[in-house]
Amino acid sequence: MIESYRTVQKLASAEITIKRSRFIGQAIPVATEQEAIDFIASVKKQHSMATHNCSAYMIGERCEIQKQSDDGEPSGTAGKPILEVIRNMNLTNVAVVVTRYFGGIMLGAGGLIRAYTDGAVAGITAAGPVYKVSHQEVMAEIDYTWLGKLENELRNRNTLMGETEFTDKVLLRCFPVSSESEAFADWLTDLTQGQGVIIRGEHTYIEHKELP
């Protein structure tokens, strides 16, 4: 797993009008190329009467998959600008479709590039760019006598916490950034004077508005 990547939070859309043509930008987070293909197909069905449904997607933690389509617009005036917006905003695992309803006025190649660029930016902005940051679950099984101290220390450290389990022991679930998980586990061991049982769990990506 890479340490972090940037994508969008949710499916969303935004509309702009340029010289009477309507441009509707839609963006969605996707995990696979098939999800992107299915999303594009659904937008084309939703806007079957539109003049064009131009699209692009980028997938993979290292942007391994990149595809774009002009959907009938002059070559390089629609899909490529949408893909460039995704790239310039440092996004991945995202699919974007910009739908055009022609308003009767020709825009020319430069005008189309600007329009599809603006449509893509509008859709992505509405979808809410977020960072996905790798965290590792680190669990501490402790006696109840340690609970107050650990809760206070974890709060001061602004540690992301999961659900705490209460049985004959207390199980605290913590989610430090993966790159800091070893040092975090050592810190917990020292904090409990070696009396806590420290368990390392799975790595997972968690959303952040900004990089932690």
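Notes on the structure follow. (Residues numbered from 1 in each chain as written. Predicted model: local features only at pLDDT ≥ 70, side-chain atom pairs only at ≥ 80, totals over all residues. Heavy atoms only, no water.)

1. Quick look at the pattern of salt bridges
Logical step 1: What the rule picks out here adds up to ten salt bridges.
Logical step 2: The closest approach of N and O atoms between Lys44 and Asp71, which form a salt bridge, is 3.9 Å. With Lys44 in helix α1 (residues 33–46) and Asp71 in the loop between β5 (65–69) and α2 (79–88), the pair connects residues that are 27 residues apart, well separated along the chain.
Logical step 3: With its nearest N and O atoms 3.0 Å apart, the salt bridge here joins Glu73 to Arg100. Of this pair, Glu73 sits in the loop between β5 and α2 while Arg100 sits in strand β6 (residues 94–101), and the two are 27 residues apart along the sequence. (Salt bridge = Lys/Arg side-chain N within 4 Å of Asp/Glu carboxyl O. Helix = DSSP H or I, 4+ residues; strand = E, 2+ residues; numbered from the N terminus.)

2. Focus: helix α3 (residues 108–127)
Logical step 1: Relative to the 28 Å expected for 20 residues at 1.5 Å per residue, α3 spans 29 Å between its end C-alpha atoms, a close match to the ideal helical length.
Logical step 2: All of the buried residues along α3 are Gly111, Leu112, Ala115, Tyr116, Gly119, Ala120, Gly123, Ile124 and Ala127.
Logical step 3: Note on α3: the residue one or two positions beyond its end, Gly128, has a positive phi of about 75 degrees. (Expected span 1.5 Å × (residues − 1). Buried < 20%, exposed > 50% of the residue type's maximum accessible area, 1.4 Å probe, protein only.)

3. Quick word on the packing of aromatic side chains
Logical step 1: Tallied over the entire structure, the rule returns four aromatic pairs.
Logical step 2: Arranged with centres 5.1 Å apart and planes meeting at 75 degrees, the rings of Tyr5 and Tyr205 form a pair that is edge-to-face. A residue pair is termed long-range when its members are at least 10 positions apart, and Tyr5 in strand β1 (residues 4–8) and Tyr205 in strand β10 (residues 197–208) qualify at 200 residues. Exposure class is identical for Tyr5 and Tyr205. Each is buried.
Logical step 3: We note Arg6 situated over the ring of Tyr131; from NZ or CZ to the ring centre the distance is 5.5 Å.
Logical step 4: Directly above the ring of Tyr101 sits Arg22, whose terminal nitrogen or CZ lies 4.8 Å from the centroid. (Phe/Tyr/Trp six-rings, centres within 6.5 Å; stacked < 30°, edge-to-face > 60°. Lys NZ or Arg CZ within 6 Å of the ring centre and 35° of its normal.)

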